[in-house]
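Descriptive analysis of the structure
Spelled out from the first residue to the last, the chains are:
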Amino acid sequence: MTIEISIRIGASRGLPGHMAGRTSAHYAIAPVVTAPRRSLAKRTVAAVITGALVLGAAGALNAQTLLNVSYDPTREFYREYNTQFANWWQAQGNAAPKLETSHGGSGAQARAVMDGLNAQVVTLALASDIDKIAQMGKLPADWQSRLPHNASPYTSTIVFLVRKGNPKHIQDWDDLTGDGIEVITPNPKTSGGARWNYLAAWAWAEKNGKDPKAFVHDLYAHVPVLDSGARGATTTFAQRGIGDVLLAWENEAYLALEQMGDDAFDIVVPSVSIRAEPPVAMVTANIKDDDQRALAQAYLEHLYAPEAQALAFKHFYRAWDTSAAAPEDVARFPKLDLVGIEDFGGWSKAQPDHFGDGGIFDQIYVPQ
Amino acid sequence: MMAALRPRRSAMPGFGITMGVTLTMLSLVVLLPIGALVIKGTAFGPEAVWEVVNRPRTWAALWLSFRLSALAALFNLVFGVLLAWVLVRYRFVGRRLFDAAVDLPFALPTAVAGIALTTLYAPNGVFGSVLAHLGWRVAYTQWGIFVALVFVGLPFVVRTVQPVLATMDRELEEASATLGASRTRTICKVILPMLMPAALTGVALALARAVGEYGSVIFIAGNIPMRTEIAPLLIVIQLEEFNYDAAAAIGLAMLAISFVLLLAINLLQVWSRRRIENA
Amino acid sequence: MPDTVPHAFARHAVSPVTERAWVRHTLIALAATGLAVLVFAPLCVVFQEALAGDWRTALANPDARSAIRLTLTVTAISVPLNAIFGITAAWAITKFEFRGKALLITLIDLPFSVSPVVAGLCLVLLFGANTGIGGWMVAHGHPIIFALPGIVLATLFITFPFVARELIPLMTEQGRTEEEAALSLGASGLRTFATVTLPNIRWALLYGVLLSNARAMGEFGAVAVVSGKIRGQTATMPITIEMLYNEYLSVAAFTLAAVLALLALVTLALKTALELRHADQLAAIGHP
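Predicted model, so just to flag it, every value in this text is computed and none were measured.

**A few points about the overall build of chain B**
In terms of regular secondary structure, chain B is built from 14 helices and zero strands. Viewed in the frame of its principal axes, chain B has a C-alpha envelope of about 65 × 60 × 30 Å. In chain B, which comprises 279 residues, the share counted as buried stands at 53%. A sequence separation of at least 24 residues applies to 77% of the contacts in chain B between residues at least 6 apart.

Structure representation (structure tokens):
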């Protein structure tokens, strides 16, 4: 019996305190008489308490947690970045952080944070989504000036994805409204990314002396399916075979090529597009102490470090610092004429004017 | 509340406790959250609610949602009773597999169902390509919405009719046959009326479920405003703009219409049961 | 049950209580075709997509594992609660006459007519951090939204009517004569329920539990609003499936979907096993 006990305890040394205690008590005591059982039970209790205390104390010292609430297509990037950052953070002499991420539609994610999702860091698709959180007082109104480049460590733009060989000869925005052309783009009302598509079209029309309102009206008349999100639109185009051209984020388009084979599609870069800036910010109201603040701050600032920027390039984002990036990741991106959201008066103006209830986009579908 | 609910006859025990548990859980799980929605709508103001609801696009979406839901529920009524009949009354190879398949529309997350259905019915899909030859487009049209709604509502009628049919007294049928009624007449005059309350329950549930369905429809609908835009999508659109009030307004409108429909079906059911009992 | 039908066949070439052979075969064929098109075809798509790639890796993913665990936990809490509610509600509604019965039934149905998105919205409006109750709960360290309680509440809401609605039509049809007989013979209420009512309703109860079980595991819309979607923590299987799909990991997404479908089939296999074991009693109910 004694041997039995020692084996059990020895075998369960790797387990957390309460498990080890339970295993030894449960299996070993049964045939033993009452008096030793009590002492063993006491020892078990003591072991459990000690274990809990040790774990608890270790928890207080170690596991500084951080929840990053992000939007859909950033999973691969943040998965790698979390590892990279955790290593760097430990190299600075800190304990290993516990980094958690949540991905979903940008607007829905912002809503979750507003309704109490305990995010310390938000990394969303649109500045207007973070502005909404700021309006609730969860972070300072000037959050966008607290980090370089409008708090956007990486950017992207809108390009066209066409079928291999470009059979419909689509080169620029005006080709999209040609006879019989079908355009696939998600619904700007439900997809943050699709708002960039719409604004890029608007910017091209303005630069080319066309009536932008008439042009977007014409463009959306060529859209047979308005998917609710970017991924749905990519599927409709790539796997269902609907449409001649997909308006997509550049990083999504390259990801689609990578995932679905580059023998099926080509990327066409229009003459004018928009600089899409997915911004990041710290949710100051959800920071519980100075240690967590330091961690969140470092998490965001490290996004601008050369190795993190290289990671962004690798994941098809246009980042800023090319010093550590692989040359082929940088060379992939052609130069093109980019307008910014500031040309539309910022999101605080563009959002209600174009995409608000009864805004210009809604008017497209009002029967005339 | 309890006073109004007091039973007229009380030969049975347990009214207090069962009604107590029922009302408590109903309040906690259902009425309280819905109450929060109603309060939100009330705070928004009736005129504002009406302004959001009374737009051509909202009406188009509500009409589309309720029309297709009703059609899908009717289809499920016929197919569901047939399926329940076949599963309960006949013995054939693969019956248990069929029985198992009935619940699958629930177990598959709605988004998966939507993606799978779109894969099948898209112009390059297995069914879609055949139908395209016949000049019939299903995916990204109202037919696509219909197919998705039939799918999500399928289990309801089957599963409400099945237990009633299984425990139904066969002596009634035998009596009817002995009295010289043809089989068709027995089915129409004896069996179907007895299945009616259960079938109506199933229809009510399928209808209600279809009206609110979002996840599966969104992939196959096309979502073009005024044509293939369903009412729940309008709610999501309002939420994307952080417009909780307008979202609550459309939600309330849907709730009100569904409530009236369900109440009508349930009254019809209570009435049809009284008629059977009196007959 | 299974032995009663062949018995009927044996007596007559065309029994008065069944249909002609060609009618039976046509009906079976119709049912089979309908099920094949409506249910089996989409299911095939799911398995085809899952088996197209390396589904083993997808299953070994810790996020997928924790999603499976969470979904099973939520189901294990919400389904028994709904069963209890369903039985009590059905008893109160079918054994007694009272005014407002149709209204009460309609209120029980109400969760079905609420779009899952709105159901989630309702919970956020009630328990969100900006509301009185929600704020108080968060301040005391018991958040409801974006934690397990919120997910359970959303699931309870969505599956609320299932058991009750299965039982009500059946218990209505069965009436209360048997219970009244038992009571007049001096049985207590609880005993009457256990020995008279429960055997009569157990198949309907089982159907209700199966339905709410399947729906509880598959629910997406309402849970998505209150989940917070934190990987490995508050992401249920349907939520994880959507996230994986949005990240171009369709093999992983459809593998999890196939697991969900299989979980539903497991419960159905249990039902079949019960049916086989109790076939004699079931037949006895059919022919009292």
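**Considering the overall build of chain C**
Counting its regular elements, chain C contains 15 helices and zero strands. Seen through its principal axes, chain C has C-alpha atoms that stretch 65 × 50 × 30 Å. Across the 288 residues of chain C, 54% fall into the buried class. In chain C, 73% of the contacts between residues at least 6 apart in sequence involve partners at least 24 apart.

**Topic: the interface of chain C and chain A**
Every contact between the two is made by 19 residues of chain C and, on the other side, 15 residues of chain A. Of all the secondary-structure elements, those providing two or more residues to the side of chain C that touches chain A are α7 (132-139) and α13 (237-246) of chain C. Counting residues per element, the side of chain C that touches chain A draws most heavily on α13(C), at three residues. Counted by class, the side of chain C that touches chain A contains 10 nonpolar, six polar and three charged residues.

**Thoughts on the pairing of strand β6 (residues 245-249) of chain A**
Residues and elements named next belong to chain A. For β6, the tally of buried residues reaches five of five residues, placing the bulk of the element in the interior. As paired strands, strand β4 (residues 154-163) and β6 are joined by five bridges and run antiparallel to one another. Paired with Ile158 across the bridge in β6 is Trp249. Both strand β5 (residues 183-184) and β6 contribute to a ladder of two bridges, which runs parallel. Each residue of the ladder has a partner; that of Ile184, found in β6, is Leu246.

**Comments concerning the packing of helix α4 (residues 56-89) of chain B against helix α2 (residues 21-51) of chain C**
Packing of α4(B) against α2(C) brings their axes to within 9 Å, and their N-to-C directions diverge by 120 degrees. The pairing of α4(B) with α2(C) is recorded here as oblique in orientation. In the packing of α4(B) onto α2(C), the handedness of the crossing is left-handed. Residues Phe79(B), Leu82(B), Leu83(B), Trp85(B) and Val86(B) of α4(B) form the contact with α2(C), whose participating residues are Leu27(C), Ile28(C), Leu30(C), Ala31(C) and Gly34(C). Of the residues in the contact of α4(B) with α2(C), the class split is nine nonpolar, one polar and no charged.

**Section: the interface of chain C and chain B**
Tallying the contact residues gives 93 residues for chain C and 96 residues for chain B. At 15 residues, the largest contribution of residues to the side of chain C that touches chain B is made by α2(C). Here the residues of the side of chain C that touches chain B sort into 64 nonpolar, 14 polar and 15 charged.

**So, the nonpolar core**
Grouped together as the largest cluster of nonpolar side chains are 288 residues, with contacts concentrated most on Val122(A), Val46(C), Leu167(C), Leu256(C), Ala257(C) and Leu260(C). Take this core: its biggest share by element is 15 residues, from helix α9 (residues 142-166) of chain B. Every residue in contact with Leu167(C), bar those within four places of it in the chain, is listed here: Gly86(C), Ile87(C), Ala90(C), Ile201(C), Ala204(C), Leu205(C) and Gly208(C).

**What to know about helix α11 (residues 250-260) of chain A**
Since one α-helical turn is 3.6 residues long, residues separated by three or four positions face the same way. Residues and elements named next belong to chain A. Along α11, the residues classified as buried are Glu250, Asn251, Glu252, Ala253, Tyr254 and Ala256. Residues of α11 that are buried sit in contact with β4, α10 (230-238), β6 and β7 (265-268). Phi for Gly261, located one or two positions after α11, is positive at around 90 degrees.

**Comments concerning unusual backbone geometry**
Non-glycine residue His169(A) carries a positive phi angle of around 55 degrees. Relative to the elements of secondary structure, His169(A) occurs in the loop between β4 and β5. Here Phe146(C), not a glycine, exhibits a phi torsion of approximately 65 degrees, which is positive. Of note, Phe146(C) is situated in the loop between α7 and α8 (148-159). On the basis of neighbour counts, which here come to 30 C-beta atoms within 10 Å, the residue Phe146(C) falls in the buried class.

**Structural notes on the environment of Pro232(B)**
Its location among the elements puts Pro232(B) in helix α13 (residues 231-240). Pro232(B) sits 170 residues away from Leu62(B) along the chain, and the two C-alpha atoms are 8.8 Å apart. In contact with Pro232(B), other than residues within four places in its own chain, are Gly212(B), Tyr214(B), Ser115(C) and Val117(C).

**Some details on the packing of helix α7 (residues 110-121) of chain B against α2(C)**
It is the contact of α7(B) with α2(C), at a shortest axis distance of 9 Å, that shows an interaxial angle of 100 degrees. In terms of axis orientation, α7(B) runs roughly perpendicular to α2(C). Note on element contacts: α2(C) touches α7(B) through Ala41(C), Pro42(C), Val45(C) and Val46(C), opposite Val112(B), Ala113(B), Ala116(B), Leu117(B), Thr119(B) and Leu120(B). Broken down by class, the residue content of the contact of α7(B) with α2(C) amounts to nine nonpolar, one polar and no charged.

**A few points about the pairing of β4(A)**
Residues and elements named next belong to chain A. Across the 10 residues that make up β4, a large majority, nine, are buried. Across two bridges, the pairing between β4 and strand β10 (residues 318-319) is antiparallel. Residue Thr155 lies in a different strand from β10, and its bridge partner there is Arg318. Alignment of β4 against strand β8 (residues 272-276), held across two bridges, turns out to be antiparallel. When the sheet's bridge partners are listed, Thr157 is paired in β8 with Arg275. Relative to β7, β4 runs antiparallel, the two being bridged by four bridges. The residue of β7 that forms the bridge with Phe160 is Val268.

**Some words on helix α2 (residues 15-44) of chain B**
At Ser27(B), α2(B) shows its strongest bend, of approximately 45 degrees. Backbone geometry just after α2(B) places Gly45(B) at a positive phi near 100 degrees.

**Concerning the domain arrangement of chain C**
What the domain assignment lists for chain C is domain 1 (1-51) and domain 2 (55-286). Between the C-alpha centres of domain 1 of chain C and domain 2 of chain C there is a distance of 28 Å.

**Looking at the sheet that holds strand β9 (residues 280-282) of chain A**
All names here are of chain A. The four strands lie next to each other as β2-β1-β3-β9, forming an open sheet whose pairing is mixed. Looking at strand neighbours, the two that pair on one side only are β2 (98-104) and β9, the edges of this open sheet. On average, adjacent strands in this sheet sit at an angle of 20 degrees to one another, irrespective of strand direction. In the sheet, strand β1 (residues 65-71) pairs with β2 via seven bridges, with the strands oriented parallel. In the strand pairing of β2, Val69 is matched with Ser102.

**Notes on the confidence of the model for chain C**
Residues and elements named next belong to chain C. Looking at chain C, the pLDDT average stands at 83 and 90% of residues meet or exceed 70. Under a pLDDT of 50 for its full length, residues 1-13 has, in the predicted model, 16 contacts with residues more than four places off or in other chains. Taken together, the stretch residues 284-288 has pLDDT below 50 and engages in nine contacts with residues farther than four places along the chain or on a different chain. Predicted complex, confidence summary: ipTM 0.82, pTM 0.81.

**Considering the environment of Leu161(A)**
Tracing the chain through its elements places Leu161(A) in strand β4. Counting along the chain gives 57 residues from Leu161(A) to Gly104(A), while the straight-line C-alpha distance between them is 23 Å.

**Details of the confidence of the model for chain B**
For chain B, the mean per-residue pLDDT works out to 86, and 95% of the residues sit at or above 70. Predicted confidence in chain B is weakest over helix α1 (residues 2-5) of chain B, with a mean pLDDT of 49, and strongest over α4(B), with 93.

The rules behind the values
Residues numbered from 1 in each chain as written. Chains lettered and ligands numbered in written order. Predicted model: local features only at pLDDT ≥ 70, side-chain atom pairs only at ≥ 80, totals over all residues. Helix = DSSP H or I, 4+ residues; strand = E, 2+ residues; numbered from the N terminus. Buried ≥ 20, exposed ≤ 12 C-beta atoms within 10 Å, placed from the backbone. Contact = placed C-beta atoms within 7 Å. Nonpolar A, V, L, I, M, F, W, Y, C, P; charged D, E, K, R; others polar. Pairing = 2+ DSSP bridges. Axes fitted to C-alpha atoms, helices over the stretch in contact; angles between N-to-C directions. Parallel < 35°, antiparallel > 145°, perpendicular 65-115°, else oblique. Left-handed = near helix turned anticlockwise from the far one by under 90°. Core = buried A, V, L, I, M, F, W, Y, C linked by C-beta atoms within 7 Å. Bend = angle between axes of the 7 residues up to and from the residue. Domains from an automatic or database assignment. pLDDT = per-residue confidence, 0-100.

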